[in-house]
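Chain by chain, the residues run as shown.
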Amino acid sequence: MSSSGSSNNDSDAQILAQLKGKLWYHLEMILQDIESRENVGASTTTGHMHVTHSNKYINALVEVILTKLQEITTDLEQFAKHDTGRSIKQINIDDLSLYLRNSSQLQNEILPKKK
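Chains are numbered independently. Their residues run from 1 in the order of the written sequence. Totals for whole chains, interfaces and linings use every residue, but because this is a predicted model, local features are given only for residues with pLDDT of at least 70 and side-chain atom pairs only at 80 or more, for both listing and counting. The basis for every side-chain value is the complete set of heavy atoms in the structure, and neither hydrogens nor water enter the calculation.

Asker: So what exactly am I meant to see when it comes to the overall build of the chain here?
Answerer: Think of it this way: any DSSP run of H or I at least four residues long counts as a helix, any run of E at least two long counts as a strand, and we number them from the N terminus. Regarding its fold elements, the chain presents four helices and zero strands. Taken from the N to the C terminus, the helices and strands of the chain come in the order α-α-α-α. Three labels apply to residues, based on accessible area from a 1.4 Å probe with only protein chains included: buried if under 20% of the type maximum, exposed if over 50%, partly exposed otherwise in between. Expressed as a percentage of its 115 residues, the buried residues of the chain come to 12%. Throughout, a contact is declared for two residues whenever any of their heavy atoms are within 4.5 Å. Considering only intrachain contacts with a sequence separation of at least 6, the fraction spanning at least 24 residues in the chain is 36%. Carbon and sulfur atoms make up 55% of the accessible area of the chain, which amounts to about 9300 Å² in all. Using a 1.4 Å probe, the Shrake-Rupley method yields the accessible areas, and only the shown protein chains count as cover for residues.

Asker: Sorry if this is basic, but what is going on with the nonpolar core here?
Answerer: Note that soluble globular proteins tend to have their nonpolar side chains buried in a common cluster. Residues belong to one nonpolar core when they are buried, are Ala, Val, Leu, Ile, Met, Phe, Trp, Tyr or Cys, and are joined through side-chain atoms within 4.5 Å. Of all hydrophobic cores here, the largest spans six residues; its members are Leu23, Leu27, Leu31, Ile58, Val62 and Leu66. Residue assignment for this core shows that the elements contributing at least two residues are helix H1 (3-38) and helix H2 (55-82). With residues up to four places along the chain from it excluded, the contact list for Leu27 reads Ile58, Leu61, Val62 and Ile65.

Asker: How should the confidence of the model for the chain be read in this particular structure?
Answerer: Low-confidence regions, as indicated by low pLDDT, have predicted coordinates that should not be scrutinised in detail. The predictor attaches a confidence to each residue, called pLDDT, with possible values from 0 through 100. The predicted model of the chain averages 84 in pLDDT, with 86% of residues at 70 or higher. Element-level mean pLDDT values for the chain span from 87 in H1 up to 93 in H2.

Asker: Help me understand a nonpolar patch on the surface in this model?
Answerer: Here a patch means residues that are over 30% exposed by relative accessible area and free of salt bridges, tied together within 9 Å if like-charged and within 5 Å if nonpolar (Val, Leu, Ile, Met, Phe, Trp, Tyr). We define a salt bridge as a side-chain nitrogen of Lys or Arg found within 4 Å of a carboxyl oxygen belonging to Asp or Glu. Taken together, the side chains of Leu16, Leu19 and Leu69 present a nonpolar region at the surface, about 230 Å² in accessible area. Mapped onto the fold, Leu19 is located in helix H1.

Right, dumping it as structure tokens:
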């Protein structure tokens, strides 16, 4: 294996580790916010459960989200490659529109508004 290939793999591994770390952090912040809201007024006398999350739970969420992101990336890349009228095979807004075609709510949130 060439040194540039090894360097590229190291770079990819570093980027993936950073992504996982950032995803972990933000998931933990979101879960803590949910916990604090859910646990207000929770007690055994009222029958409400005290909500908590574990590191295993966050790990599982991180892996599920990364798997889904990889699937989305593959789909978007394939949409870009399939468009024969395009001289540069880069993902663009049309590919994203195609991917989101069955989710009008996501289209409204993500895609730019048509004028």
